[in-house]
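Survey of secondary and tertiary structure
Next come the chains, spelled out residue by residue.
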Amino acid sequence: MKLRLSDTLKREKVEFIPKNPKRVTMYVCGPTVYNYAHIGNARPVVVFDVLFRLLRHLYGEEAVVYARNITDVDDKINQKAMAEGVDIDVITSKFADIYNADMTALNALPPTIQPRVTQNMNAIVAQIAALIRNGHAYAAEGHVLFDVESYKAYGSLSNRSLDDMIAGARVEVAPYKKNPQDFVLWKPSKPGEPKWPSPWGEGRPGWHIECSAMIEANLGLPIDIHGGGHDLIFPHHENEIAQGVCAQHGHSHQEESYARYWMHNGFLTMDAEKMSKSLGNVQLVHELIKDWPGEVIRLALLSAHYRAPLDWTTDLLVQTRKTLDRLYGTLREAKRVIETYPLPDGWEIKRHTVDGAYIKPRDDRMVRILCDDLNTPQAIADLFLLRDMLRGEFEAAGPIEERGFHTKAYMDLLIQCGGLLGILQTDPDEWFQGGADDDLSAKVEALLVARKDARAAKNWAEADRIRDELNALNVEVMDGPTGATWKLKA
Ligand code: AMP
Ligand code: ZN
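With respect to the environment of Ala-137
Mapped onto the fold, Ala-137 is located in strand β5 (residues 137-140). Ala-137 sits in the buried class, given a relative accessible area of 9%. Considering only alpha carbons, one finds Ala-137 and Cys-246, 109 residues apart in sequence, at a separation of 9.5 Å. Other than its neighbours up to four places away in sequence, Ala-137 contacts Leu-131, Ile-132, Val-144, Leu-145, Phe-146, Asp-147 and Leu-185.

Some remarks on the pattern of salt bridges
Under the criterion given, the structure shown has 34 salt bridges. Between Lys-360 and Asp-364 there is a salt bridge; the shortest N-O distance is 3.0 Å. Note that Lys-360 and Asp-364 are positioned in helix α11 (residues 347-371) at a spacing of four residues, about one turn of the helix. In this structure, the salt-bridge partner of Glu-462 is Arg-465, at a minimum N-O distance of 3.1 Å. Of this pair, Glu-462 and Arg-465 both sit in helix α16 (residues 460-472), three residues apart, which is roughly one turn of that helix. On the basis of relative accessible area, Arg-465 is assigned to the partly exposed category, the value being 40%. Counted as one network, the salt bridges with shared partners bring together Lys-335, Arg-336, Glu-339, Asp-427 and Asp-429.

Description of the sheet that holds β5
With antiparallel pairing, the four strands of this open sheet are ordered in space as β5-β6-β7-β8. At either end of the open sheet lies a strand with only one pairing partner, and these are β5 and β8 (203-205). Averaged over all neighbouring strand pairs, the angle between strand axes comes to 20 degrees, with direction disregarded. Two elements, strand β7 (residues 183-188) and β8, share three bridges in a ladder whose sense is antiparallel. For Lys-187, the partnering residue across the bridge sits in β8 and is Arg-204.

A closer look at the coordination of the zinc ion (ligand 2)
Around the zinc ion (ligand 2), the protein contributes the donor atoms Cys-29 (SG), Cys-211 (SG), His-236 (NE2) and Glu-240 (OE), which lie 2.0 to 2.8 Å from the metal centre. Around the zinc ion (ligand 2), the four donor atoms are arranged such that angles at the metal cover 75 to 130 degrees; this shape is classified as irregular. Here the donor residues of the zinc ion (ligand 2) share one chain and are spaced in sequence as C-x181-C-x24-H-x3-E. Of the two residues, Cys-29 sits in the loop between β3 (24-28) and α1 (39-59) while Glu-240 sits in helix α7 (residues 233-246), which places them 211 residues apart along the sequence.

Let's talk about the sheet that holds strand β12 (residues 273-274)
Taken in spatial order, the three strands make up an open sheet running β12-β11-β13, and their pairing is mixed. Two strands lie at the open edges of the sheet, namely β12 and β13 (310-311), each paired on one side alone. By the bridge criterion, two bridges tie strand β11 (residues 268-270) to β12 in an arrangement that is antiparallel. Within the sheet, the bridge partner assigned to Thr-269 lies in β12 and is Lys-274.

Side note on the nonpolar core
Residues Ile-39, Leu-51 and Trp-312 are the most contacted members of the largest nonpolar core, which totals 81 residues. Here this core takes eleven residues from α1, the largest share from any one element. When residues of this core are assigned to domains, at least three map to each of domain 1 (4-311) and domain 2 (314-431). Setting aside its immediate chain neighbours within four residues, Leu-51 contacts Leu-3, Leu-5, Met-26, Ile-225, Met-263 and Leu-374.

Notes on the domain arrangement of the chain
Domains assigned within the chain are domain 1 (4-311), domain 2 (314-431) and domain 3 (435-488). Taking only C-alpha atoms into account, the centre of domain 1 sits 52 Å from that of domain 3.

Quick look at the side chain of Arg-332
Considering the arrangement of structural elements, one finds Arg-332 in helix α10 (residues 314-340). The charged side chain of Arg-332 is buried without a salt bridge, its nearest counter-charge being Asp-429 at 4.6 Å. Ignoring anything within four residues of it in the chain, the contact list for Arg-332 reads Pro-428, Asp-429, Phe-432, Met-478, Thr-485 and Trp-486.

Re the packing of α1 against helix α13 (residues 400-421)
Where α1 meets α13, the closest approach of the two axes is 7 Å, and the angle between their N-to-C directions is 125 degrees. When the axes of α1 and α13 are compared, the pair comes out oblique. Across the interface between the two elements, Val-50, Arg-53, Leu-54 and His-57 of α1 pack against Gly-419, Leu-420 and Leu-421 of α13. Among the residues making up the contact of α1 with α13, the classes are represented as four nonpolar, two polar and one charged.

Regarding the side chain of Asp-102
Its place among the elements puts Asp-102 in helix α3 (residues 88-105). Of the side chains with opposite charge, Lys-290 lies nearest to the buried Asp-102, which makes no salt bridge, at 8.6 Å. Ignoring anything within four residues of it in the chain, the contact list for Asp-102 reads Val-285, His-286 and Ile-289.

Each value, and the rule that gives it
Residues numbered from 1 in each chain as written. Chains lettered and ligands numbered in written order. Predicted model: local features only at pLDDT ≥ 70, side-chain atom pairs only at ≥ 80, totals over all residues. Heavy atoms only, no water. Helix = DSSP H or I, 4+ residues; strand = E, 2+ residues; numbered from the N terminus. Buried < 20%, exposed > 50% of the residue type's maximum accessible area, 1.4 Å probe, protein only. Contact = heavy atoms within 4.5 Å. Salt bridge = Lys/Arg side-chain N within 4 Å of Asp/Glu carboxyl O. Pairing = 2+ DSSP bridges. Axes fitted to C-alpha atoms, helices over the stretch in contact; angles between N-to-C directions. Donors = N, O, S within 2.8 Å, 3.2 Å for Na, K, Ca; no water. Tetrahedral: all angles 85-135°; square planar, octahedral: opposite > 155°, others 65-115°. Core = buried A, V, L, I, M, F, W, Y, C linked by side-chain atoms within 4.5 Å. Domains from an automatic or database assignment. Lys, Arg positive; Asp, Glu negative; His and termini not counted. Parallel < 35°, antiparallel > 145°, perpendicular 65-115°, else oblique. Nonpolar A, V, L, I, M, F, W, Y, C, P; charged D, E, K, R; others polar.

What follows is the structure, encoded as structure tokens:
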């Protein structure tokens, strides 16, 4: 199946062809770990997690190498460490752990590797040295700068000419720069700040070289896919290309010798403004996961196409919770049907026929939808078609002994397709009881038994009283053909 992706550099949707289908490589710029991630920061994580899942499906789990770095050297980290009077690794290890736990709560698979700047200093120094050797960088007053004039394709990712950049520049003019657009590869640390040895004096790397050096050292060049949020196109990714291309020995100055495909997600907004720390309109993932299942937050992030803006509202979360309740509700009913109509002997053989004829084409359809530039809104709509089919199996006209295994085949299909989006992997009974503690669960189960007994004895007053009690516990009871189930009201 052909995977087509919108490539920022080529400015069109193109077919994705990995350099080596046995080793498909992807790098997504990770967080600078000095405080909590906001939900805008989680958008690239969730979007590229869907791509990671899709690539694993297409090329095999072992064939995909996904790197998401941790930026643990940065001025903001230094400031925070200084303010708290601790070493930077106290700050960075704390917030890297929180970040990873928060992203796991959103069902993001751990990346294959998570390189850290502090563990890649040799590679960074080596890449800077290569840039100087190749005539693309120069040392001046303890700094090393990239010489933008030396790379003719500079600006091609963001589609800007050097003149445009200078005109609209907010760049630091410094006496040691040949050109105001030249950017820092290495700089001296201020007194008291962490520093590392280099041929140009003790200091620390610039942000852009951190990523391009970690990519070369950990994945090898060229990588297949490089991703991140839209705001990283300029200057971060523009500078990464310049470094990654120019550092290569005998390079041909082909932009694709660094990364073959570039992908960028649109912004998460609040009231149409980009969510960002500087604007102060952020919602932290760490807080949101206390109030909402991670799966709700995840699906909300996937409800718009990744390139489009997405406005973050409580209503979006409420609606997404309902979406998941409907899907899980059907899965729970399916579970009951399978319990009621057990699978017949030899069902695996029959299942094979059903899978070949009905299940595989539907599975393929879901993969095809995602292969169209990760069309997650369409994929979510398709889950509802699969849900309708599954419901159809509950009352299918066919022989009663086949009802269980037909239901199981369609139930597995829905779960499998959900898995590509990273949802629907929880047991449905657990889903509806999520949020209820054990004491409450025990109490509700006991009330449901008492209610059933009262109804059997036609004691309607008692049954009503129990219903009121359940209401007071904020529990919604759903009576189905195979008994009552319950959930906490949203
Ligand atoms: P930062 O920590 O600001 O470097 O951001 C980490 C990642 O989150 C980068 O890929 C950013 O492009 C992305 N990002 C930051 N803010 C938003 C937002 N409001 N919407 C979508 N992505 C964002
Ligand atoms: Zn980066």
